[in-house]
Amino acid sequence: MASGEEDDPIIQEIDVYLAKSLVDKLYLFQYPVRPSSMTYDDVTHLSAKIKPKQQKVELEMAINTLSPNYCRSKGEQIALNVDGTASEDSNTYSVKMMDKQTFTSIQSTTNTSRYAAAIFRQGELHVTPLQGILQMRPSFSYLDKADSKHREREAANEGGDSSQDEAEEDVKAVTVRECTGCTATHTHTQSNSHRLHIGICVELPFKEPVSPFQVRFSRPESEQARQRRIQSYDFLQKKHAEEPWVHLHYHSINDGRSDHERQYLYCQSMGGSENTELVKTPKEYLAMLMPPIAEEKIEKPAGPSNVLSMAQLRTLPLGDQVKTLMKNVKVMPFANLMGLLTPGTDSTAVLRCIQQVALLVQGNWVVKSDVLYPKNSCSPHSGVPAEVLCRGRDFVMWRFTHERSVMRKEIAGIIKLPPEDVKDFLEHMAVPRINRGWEFLLPSDSDFIRKHPDVAQRQQMLWLGIQSKLEKVFNFSKEDLAPKKDQPREVVHMSGEQRLKAARERARQNPPSVQKDLRAPPQGQAGDCVSTGTGVRVKEEPVSDAEDEPMDTSSAALANGSINGYPSSATSSPTSDPHNGHAGTPAPSPSPELRDFVWNTFRKHYVLTLSEVKRLFNLHLASLPPGHSLFHTVSDRLLQDTILMSHCKQILVPFPAQSKAAADEQKVFAVWETGETFDKHRQVLYEIFTKSYRVRRNAIQAKLTHELGDQSTKADMDRLLKECCVSIGGMWYLKGTLQS
């Protein structure tokens, strides 16, 4: 025997037995929210149930309502919130007081192969493997039930008598599938908010005519879609809910049945042939008792493939660090890049590395296209080869070297790639701006260009080479994309009266020419002049192009003309409205196409804010064919004047002081006259909203009855609210005035 074993003699030998009677039924319960000295052994257990497959247990325990620590008023209030005042068999608390609490289990670990319960008796150790280890925590599902009751009561109180009137029937879709076992039909009815599966076979007699409904034939589900559905959270929750509860009987620790069950913790066949001595070596036995730690490593969740910690990053070579950062960030100033690298890194070495994986755009570094789209790869959206993607993305980057914003439609028209890929290119380096297209993500870094002129010059030469390749591939030149400028002409300074007189003389002598000028695309900059019919050159202000630089959306523009009526001769005169233009500048009259657009839009929506009108107008412009220029000279002033000329009025809605609505969102316009008798109803409604930001339905009904008498019916009321208002929380608002 070795000397080490002699120094550590064996004092006692203990026989170990493996008990298997409860091997699939033994669970360890833990109560982490309560100290071990405060057990639940003496607490009355009202019920117990389990879902064996999920190892989910629920216990209901009584609460001592006679304890001095129990607040009776709080218990009664909780019971009232949960169950209400009605006495029903389904009530959570039958005695109108919170007299019980529920404990729900969660699994402490999913692998219990290394855990067992042991009992020592008469020099023998009996071990039973555990089926599961569960932590029992209080369940607060009664609070969810109380919240739902509270919401139901609030909805009933706020909705009032209008809840039935305001409900609109959901459009139902019926999915018809063949039934293989009979000649009947299985139907699946789906509404906007619920899905009802009718799993019975019903015959469809054609004795009586039925109301029309939509019929859809479901497509066969692909294997990939089925796998996604099976792995979804909703599907797993549904599967878990399908497992039935198994109700159990609880026996206290001193109960006779508990003593009987504890006997199964001992091995029942101690004298049988199954009991054999260990034939393993000590090392093998220890390995069985304490498996290698490799098992725990397998169970650790793996992080996303595109995530790298800073500690791991700094173990890589400098070139790989720069490439990894640029590939993940895509656009970064040089100063930020230096901040992410190890302190003390040589900036010259970083400059050498970054020029290999990125290009300079407006003083910021943008990752190269071939780094994002390696050779032999393709688009995840459309399958376009990497070579074609790199050319398209290089064109987007080249455009950003010349301007801050680009239009997605124009880019897609040149590079001829699917919209999803074009959007990916832009999202890498730009952000969308309302009415301005896509703007470069970062501000220009002039400090870097000033500190490193050699790098900036080298990058400029590189961009010239890329430009020459792009011109050959996409068949364009830089001059084609640059705005054309007219030759400068001599400027004659004139007074305001002379300008107005010359403009009126020109309009009187040649009206068709004026209309043609209004429809023609704008050319020239501030300071350009046009000839009038009298040979005098009149200085004009520049007009923005609606495609490259959309209409002005600043809040400084004020409403033109009469606020609650059509523009009068005084307000619509070109010389009397200096708010949206220079005093004395002739205001262009709206074209027939613009009037048609405004009239048709308001006939469809009835009530619109100026912001919404501009949004719809920009959508209309985007739908026009290329080269269309009828609307290129529309300003905020002209658009508002056109609205007021189209039988509309501005409604002065008293927005609350804390409203965050912009100026254009607070300018509300509505159809005033359409030639229908229903105009009276709308005008009464608009008058109500000039005094209140939001009103109730009964107030609107009372006002209509007072003004129109018996002419106002329930159908008229429903139509009026549907055309002009929106409802939330039992209150009604004019369309567009309710901020989301």
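Calculation notes
Residues numbered from 1 in each chain as written. Predicted model: local features only at pLDDT ≥ 70, side-chain atom pairs only at ≥ 80, totals over all residues. Heavy atoms only, no water. Helix = DSSP H or I, 4+ residues; strand = E, 2+ residues; numbered from the N terminus. Buried < 20%, exposed > 50% of the residue type's maximum accessible area, 1.4 Å probe, protein only. Contact = heavy atoms within 4.5 Å. Areas by Shrake-Rupley, 256 points an atom, 1.4 Å probe, with all protein chains shown as cover. Phe/Tyr/Trp six-rings, centres within 6.5 Å; stacked < 30°, edge-to-face > 60°. Lys NZ or Arg CZ within 6 Å of the ring centre and 35° of its normal. Axes fitted to C-alpha atoms, helices over the stretch in contact; angles between N-to-C directions. Parallel < 35°, antiparallel > 145°, perpendicular 65-115°, else oblique. Left-handed = near helix turned anticlockwise from the far one by under 90°. Nonpolar A, V, L, I, M, F, W, Y, C, P; charged D, E, K, R; others polar. Core = buried A, V, L, I, M, F, W, Y, C linked by side-chain atoms within 4.5 Å. Pairing = 2+ DSSP bridges. Salt bridge = Lys/Arg side-chain N within 4 Å of Asp/Glu carboxyl O. Expected span 1.5 Å × (residues − 1). Polar contact = N/O pair within 3.5 Å; in protein donor to acceptor, adjacent residues only side chain to side chain. pLDDT = per-residue confidence, 0-100.

It is worth spelling out the overall build of the protein at this point. A count of helices and strands for the protein gives 28 helices and 26 strands. Among the 740 residues that make up the protein, the fraction classed as buried is 32%. Relative to all contacts within the protein whose residues are 6 or more apart in sequence, the contacts with residues 24 or more apart total 65%. If you sum the accessible surface of the protein, you get close to 47,500 Å²; carbon and sulfur atoms cover 53% of it.

Another aspect to go through is the packing of aromatic side chains. Scanning the model with the defined rule gives 14 aromatic pairs in all. Measuring from centroid to centroid gives 6.2 Å for Tyr31 and Phe103, while their planes differ by 80°, and the two rings are edge-to-face. On the criterion of sequence distance, the pair formed by Tyr31 in the loop between β2 (27-30) and β3 (45-51) and Phe103 in strand β5 (residues 100-107) is long-range, its members being 72 residues apart. The class of Tyr31 is partly exposed, set by a relative accessible area of 24%. The exposure class of Phe103 is buried, given its relative accessible area of 1%. Members of the aromatic cluster, connected to one another through ring pairs, are Tyr31, Tyr40 and Phe103. The ring of Tyr40 has Arg34 lying over it, and the distance from NZ or CZ to the ring centre is 4.1 Å. One Lys or Arg, Arg719, reaches over the ring of Phe678 and ends 4.1 Å from the middle of that ring.

Before going further, it helps to spend a moment on the packing of helix α15 (residues 386-400) against helix α17 (residues 419-429). Direction vectors running N to C along α15 and α17 enclose 45°, while the axes themselves pass 10 Å from each other. In terms of axis orientation, α15 runs oblique to α17. Our pair here, α15 against α17, has a crossing hand that is right-handed. Taking contact as the criterion, the partners of Leu389, Gly392, Arg393, Val396, Met397 and Phe400 in α15 are, on α17, Asp421, Phe425, Leu426, His428 and Met429. Across the contact of α15 with α17, the residue classes break down as seven nonpolar, two polar and two charged.

The next thing to look at is unusual backbone geometry. Look at Gln55: it is not a glycine, yet its phi comes out positive at around 55°. Mapped onto the elements, Gln55 comes out in the loop between β3 and β4 (56-62). Looking at Gln55, the relative accessible area reads 12%, which means it is buried.

A separate point is the nonpolar core. In this structure, Val322, Met326, Trp365, Phe395 and Phe400 are the most contacted members of the largest nonpolar core, which totals 54 residues. Looking at this core element by element, the count peaks at eight residues for α15. Excluding residues that lie within four positions of it along the chain, Phe400 makes contacts with Val361, Gln362, Ser405, Val406, Leu426, Met429, Ala430, Trp438, Glu439 and Phe440. Residues Leu608, Leu638, Trp672 and Ile688 belong to the second largest nonpolar core, which totals 48 residues.

Glancing now at the sheet that holds strand β16 (residues 364-367). Read from one edge of the open sheet, three strands run β14-β16-β15, paired in antiparallel fashion. This sheet does not close on itself; its edge strands, each paired only once, are β14 (331-332) and β15 (358-361). Taken together, the two bridges between β14 and β16 define a ladder with antiparallel strand orientation. Along β16, the bridge assignment pairs Val331 with Val366. This element, helix α19 (residues 453-474), spans β15 and β16 of the sheet and lies at about 100° to β15.

The alternating pattern of β16 places Asn364 and Val366 on one face and Trp365 and Val367 on the opposite face, and all of these are buried. Pairing of β15 with β16 involves four bridges; the strand directions are antiparallel. Looking across to β16, one finds that Val361 is bridged to Asn364. Between β15 and β16, which pair antiparallel one after the other, the connecting turn spans two residues, and Gln362 there sits at a positive phi close to 55°.

Enumeration over the complete set of coordinates arrives at 26 salt bridges. Between Arg391 and Glu387 there is a salt bridge, with its nearest N and O atoms 3.6 Å apart. Pair noted here: Arg391 and Glu387 are both in helix α15, with a separation of four residues, about one helical turn. Owing to a relative accessible area of 28%, Arg391 belongs among the partly exposed residues under this scheme. What you see here is one network of salt bridges that share partners, running through Arg603, Glu676, Asp679, Arg682, Arg719 and Glu723.

Let us look at the environment of Ser611. Checked against the element boundaries, Ser611 lands in helix α24 (residues 610-623). The spatial distance from the C-alpha of Ser611 to the C-alpha of Val668 is 9.1 Å, given a sequence separation of 57 residues. If we ignore the near neighbours within four places in the chain, the residues touching Ser611 are Asp664 and Glu665.

Following the sequence through the fold, Lys56 ends up in strand β4. Sequence-wise, Lys56 and Gln107 are 51 residues apart; in three dimensions their C-alpha atoms are separated by 8.0 Å. Sequence-distant contacts of Lys56, defined by excluding residues within four places in its chain, comprise Lys49, Ile50, Lys51, Thr104, Ser105 and Trp245.

The end-to-end C-alpha distance of helix α2 (residues 72-83), which contains twelve residues, comes to 16 Å, matching closely the 16 Å that a straight helix rising 1.5 Å per residue would cover. Phi turns positive, to about 75°, at Gly84, one or two residues after α2.

Attention now goes to the sheet that holds strand β6 (residues 116-121). Strands pair in a sheet through their backbones, by hydrogen bonds, and they do so in one of two ways: parallel or antiparallel. What the three strands build is an open sheet, ordered β1-β7-β6; its pairing is mixed. Every other strand in the sheet has two partners, leaving β1 (15-18) and β6 as the edge strands with one partner each. The average angle at which neighbouring strand axes cross in this sheet is 25°, direction not considered. Two elements, β6 and strand β7 (residues 124-129), share six bridges in a ladder whose sense is antiparallel. Bridge assignment links Arg121 to a residue of β7, and that residue is Glu124.

Once that is clear, we can look at the side chain of Thr609. Structurally, Thr609 is set in strand β22 (residues 607-609). On the basis of relative accessibility, which here comes to 5%, the residue Thr609 falls in the buried class.

This brings us to the side chain of Asn618. Structurally, Asn618 can be placed in helix α24. Separated by 2.4 Å, the side chains of Asn618 and Asn435 make a polar contact.

All right, on to α15 then. An α-helical segment advances 3.6 residues per turn. Residues three or four places apart therefore align on the same side. Relative to the 21 Å expected for 15 residues at 1.5 Å per residue, α15 spans 21 Å between its end C-alpha atoms, a close match to the ideal helical length. In terms of residue burial, α15 counts as a mostly covered element, since twelve of its 15 residues are buried. Along α15, the residues classified as buried are Ala386, Leu389, Cys390, Gly392, Arg393, Asp394, Phe395, Val396, Met397, Trp398, Arg399 and Phe400.

Attention shifts here to the confidence of the model for the protein. Averaged over the protein, the pLDDT score is 76; the fraction of residues at 70 or greater is 72%. Note on residues 161-207: pLDDT is under 50 here. Beyond four places in sequence and across chains, it has 63 contacts. Across residues 295-303, confidence stays below pLDDT 50; counting only partners more than four residues off in sequence or on other chains, it has two contacts.

For the rest of this paragraph, the subject is the packing of α15 against helix α16 (residues 408-415). Two packed helices can be described by the angle between their axes and the distance between those axes. Packing of α15 against α16 leaves a shortest axis separation of 10 Å and a crossing angle of 135°. As judged from the angle between their axes, α15 and α16 are oblique. The two elements α15 and α16 cross, and the hand of that crossing is right-handed. Mapping the contact onto sequence places Gly392, Phe395, Val396 and Arg399 in α15 and Glu410, Ile411, Ile414 and Ile415 in α16. Taken together, the residues of the contact of α15 with α16 break down into five nonpolar, one polar and two charged.

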